[in-house]
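Summary of structural features
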Amino acid sequence: MTQAAAGSERDERVPGRRWIVRLDPVGRGSAEVRVSCGRPACAERRLPSAAAGRTAAVAHLKAHLHATPAPRADTYCACRADGCRAHLPDTGRHARTEQPWRCGGPIVLAVITDRAGRWWQALECCSRCAAATPGAQTAATSRPSAPRTAGRPTPAAAGTGAGTPHFSDQQVTTRTGCPAPRPVPAPRPVPAPRPVPAQRRRPPEARIGRRVIPCDLRPVSLRDELTELGDLFRAYQKRPEPDLALLADLQERKARAFLTWSDVSCDVTLRLEAQRAEQAAAVIRRQHQHRTGCVPDGDEPGVARLLTVPAQWEYARSVLAHVAGHTPLPGAEARLLVLMLTLRTAHTGTGNLVGQDVNALGLTDPEDLVEQLTGCGWLSLPGTVGDLLASRPENPAPVTVPSLVPDEDGTGPFTFGRKTRPKLSGWAQRVVSDKKLRKAKAPAGARLLAVTLATWTDDVGRLGRGGRGVTLNALATRVPVGSGELRDLIDRLTAADWLTDAALTDTHLTGRLTERVLPLTCPLLD
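Residues numbered from 1 in each chain as written. Predicted model: local features only at pLDDT ≥ 70, side-chain atom pairs only at ≥ 80, totals over all residues. Heavy atoms only, no water.

**Thoughts on empty space enclosed by the protein**
Cut-off, in case you're wondering: The definitions used throughout rest on a 1 Å grid laid over the protein atoms alone, on which a cavity is an enclosed set of points accommodating a 1.4 Å probe that cannot get out and a pocket is an open set flanked by protein within 12 Å on both sides along at least five of seven lines; lining residues are those having an atom within 4 Å of a point. Grid points are joined across faces, edges and corners, and a volume is the space filled by probe spheres set on the points. The helix count covers DSSP runs of H or I at least four residues long, the strand count covers runs of E at least two residues long, and both are numbered beginning at the N terminus. Put simply, Ala, Val, Leu, Ile, Met, Phe, Trp, Tyr, Cys and Pro go in the nonpolar bin, Asp, Glu, Lys and Arg in the charged bin, and everything else, Gly too, in the polar bin.
Per the stated rule, a full pass over the model turns up five cavities of 30 Å³ or more. Quantified by volume, the largest cavity comes out at close to 50 Å³. Lining the largest cavity are L337, M340, L341, R344, L353, D357, V358, L361 and Q429. Elements that contribute at least two residues to the lining of the largest cavity include exactly α9 (332–344) and α10 (355–359). No other element matches the four residues that α9 contributes to the lining of the largest cavity. Its residues assigned to classes, the lining of the largest cavity comprises six nonpolar, one polar and two charged.

**What to know about the packing of aromatic side chains**
Any aromatic ring pair is given by two values, namely how distant the centres are and how the planes are angled relative to each other. Formally: Each aromatic pair joins two rings of Phe, Tyr and Trp (for Trp, the six-membered one) with centres within 6.5 Å, and gets the label stacked for planes under 30 degrees apart, edge-to-face for over 60, and tilted for any other angle. Residue burial is assigned from relative accessible area. The probe radius is 1.4 Å, only protein chains are included, and a residue is buried under 20% of its type maximum, exposed over 50%, and partly exposed in between.
All chains considered together, the criterion is met by three aromatic pairs. On the numbers, 5.5 Å between centres and 65° between planes, the contact of F258 with W261 is edge-to-face. Separated by three residues within a single helix, F258 and W261 lie in helix α6 (residues 244–265), roughly one turn from each other. For the pair F258 and W261, one class covers both residues: buried.

**Considerations on helix α15 (residues 444–454)**
In terms of burial, α15 is a largely internal element, 11 of the 11 residues being buried. Within α15, the full set of buried residues consists of A444, G445, A446, R447, L448, L449, A450, V451, T452, L453 and A454.

**As for helix α17 (residues 483–495)**
Quick reminder: α-helices carry 3.6 residues per turn. Residues three or four places apart thus point the same way. For clarity, the threshold we go by: Multiplying 1.5 Å by the residue count of a helix minus one yields the expected span of that helix. The directions considered for the arc are those from the helix axis to the C-beta atoms. Working rule for contacts: check all heavy atoms of both residues, and any pair within 4.5 Å makes them a contact.
For α17, built from 13 residues, the straight-helix expectation of 18 Å at 1.5 Å per residue is met to within 8% by its first-to-last C-alpha distance of 19 Å. Listing the buried residues of α17 in full gives L486, L489, I490 and L493. Taken down its axis, α17 places every buried residue within 105° of arc, on the same side. With respect to the buried face of α17, the exposed residues turned more than 90 degrees away are G484 and A495. Where the residues of α17 are buried, they touch α14 (435–439), α15, α16 (472–478), β12 (499–504) and β13 (508–513). Just beyond α17, the residue with positive phi is D497, at close to 60°.

**Focus: the environment of W19**
With respect to the secondary-structure elements, W19 resides in strand β1 (residues 18–25). Considered as a pair, W19 and H64 are 45 residues apart in the sequence and their alpha carbons are 9.9 Å apart. Excluding anything up to four places from it in sequence, W19 contacts C37, G38, R39, L61, H64, L65, T68, W120, Q121 and A122.

**Describing the confidence of the model for the protein chain**
Convention followed: pLDDT: the predictor's confidence for each residue, scored from 0 to 100.
Residues with a pLDDT of 70 or more make up 79% of the protein chain, whose mean pLDDT is 80. Looking at the elements of the protein chain, mean pLDDT is at its lowest for helix α3 (residues 94–97), recorded as 44, and at its highest for α15, recorded as 93. Note that residues 1–11 has pLDDT below 50 and, in this model, 13 contacts with residues that lie over four places away or in other chains. Low pLDDT, under 50, characterises residues 148–176; the predicted model gives this stretch 30 contacts beyond four residues in sequence or across chains.

**Digging into the side chain of Q429**
Within the secondary structure layout, Q429 lies in helix α13 (residues 420–432). Note on Q429: relative accessible area 19%, which makes it buried. Not counting residues within four places of it along the chain, the set of residues in contact with Q429 comprises M340, R344 and D357.

**Here's the deal with unusual backbone geometry**
A cis amide bond, omega 5°, links R218 with the succeeding residue P219. With a phi angle near 55°, K441 is a residue other than glycine that sits in the positive phi range. With respect to the element layout, K441 can be found in the loop between α14 and α15.

**Digging into the sheet that holds β12**
The line we're drawing: Only when DSSP finds a minimum of two bridges between them are two strands counted as paired. To get an axis, a line is fitted to the C-alpha atoms, and for a helix only the part in contact is used. The angle between two axes follows their N-to-C directions and goes from 0 to 180 degrees.
One open sheet holds the three strands; their spatial order is β11-β13-β12, and the pairing between them is antiparallel. This sheet does not close on itself; its edge strands, each paired only once, are β11 (470–471) and β12. Note: β11 against β13, two bridges, orientation antiparallel. Paired with V470 across the bridge in β13 is L509. Across the face of the sheet, α17 comes into contact with β12 and β13 while running at roughly 160° to β12.

**Some remarks on the pairing of β12**
Within a regular strand, side chains alternate between the sheet's two faces. The pairing of β12 with β13 spans four bridges and is classified as antiparallel. When the sheet's bridge partners are listed, A503 is paired in β13 with T510. Linking β12 to β13, which pair antiparallel, is a turn of three residues.

**Notes on the sheet that holds strand β5 (residues 119–126)**
With respect to topology, six strands assemble into an open sheet ordered β3-β2-β1-β5-β4-β6, the strand pairing being antiparallel. Both outer strands of the open sheet, β3 (45–47) and β6 (137–141), are each paired with one neighbouring strand and no more. Strand-to-strand twist in this sheet, taken as the mean axis angle between neighbours without regard to direction, amounts to 20°. Relative to β6, strand β4 (residues 107–113) runs antiparallel, the two being bridged by four bridges. By the bridge assignment for β6, V111 is matched with Q137. In this fold helix α2 (residues 50–67) packs onto β1, β2 (33–37), β3, β4, β5 and β6, with an angle of close to 170° to the strand it touches most, β1.

**Considerations on the side chain of T68**
Mapped onto the fold, T68 is located in the loop between α2 and α3. Among the residues examined, T68 registers a relative accessible area of 13% and is labelled buried. Each residue touching T68, except ones within four places of it in the same chain, is listed here: R17, W19, R39 and L109.

The following block contains the structure:
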């Protein structure tokens, strides 16, 4: 009788509804995704990205949940075929297979989501099965079914003892000798859903390179030093610009710390790594010296600059400062021509010039500009301007700048000697006649800006002291152009592979000179 009742109960129950909404890629080489639904009436959709597809899939599932009727009370669990934990395993015994569910509570409409966000499944199951499924969310709960007629036990009766055997040793008799009716137990509360197991996070380990610093390392000062070094090395890797001096200091600290670590732990590999760090520090320190020009006697610098000593760099800046305050005519072209003539006549006030020296400066009208300089008395020529522009290297034209002639006591505006003047003049000539500037037909303003920026860099070519840039106020005193024209000149130098990473703000010009022109720079001293 019991088996027959269970069988009739199972026959009256219907399978629970279930459907799934999936998100699949369309194919290789495409970002499109395909959204499909297990409902036969739902058509497939294609969306341009995974984010859009995920949004559409969730909206589609919500629309189904809103339109779906409440869960039916007389249904099988839709999760029976998935090895649900609330169902008994198949042991092969007839008694077990005739009762495939061991559920409890009302039927619910549960939603299960893939952690990777690739599918969303909705199914009808009992509340115990929903609670046994990690991450399952209950969308709706069925209403209690109506009372059944005699002979047809309700599904809830399976948990109350109806249709199950009663044992005589557990029956209670009345005074008349008849067995008393067994009290019906109160319905058990619905179990709460099982939470998704949280991932345990281990505390972060202190590391330096690939080595883990032990938590029990003693002395504590050594462990703190290693931890700080690890953080400093990781911070250095995120720097936008290299700093070889700082990196050499870090390697030296690492060598000392690893040597102490090797002594306290008796680990030979740590001593070997300390030796490698010490060697790396020496190599990096030498690279820094080569780039800055501060190399020991007898060693060749890494950057072979045209002006080799810091004193010559200061002399070049002094000439540019003098020209900025003593140019008799306005404009960048007059400033550039006065600079080149000053370098040719700086020591005695007189010098030789050829026509190619003037014609190669990119001047708009060199003949008219020279006539203006001679007309105001700043420049003196023994012949005509035409003779100067037509002169050849084998027959140069002598020129005189009266303001540069030394006084009676032999002093002039500059302090460098007779041998330094041709070096400075040659350096400036190399800058203004740079091959790529000539090929791009750069105007005189761009060449004057190139000379000026070559004297306002640090040891690695960054503009300004410490790479902080050049103020526009200071730049305007050396290159007399407007802000719009200055931006065009910067673009020309960038196109000529002279300047890179240039950024012009309302107050500063930042960037750096390229590796190609580093030999022409005059680094600023700290």
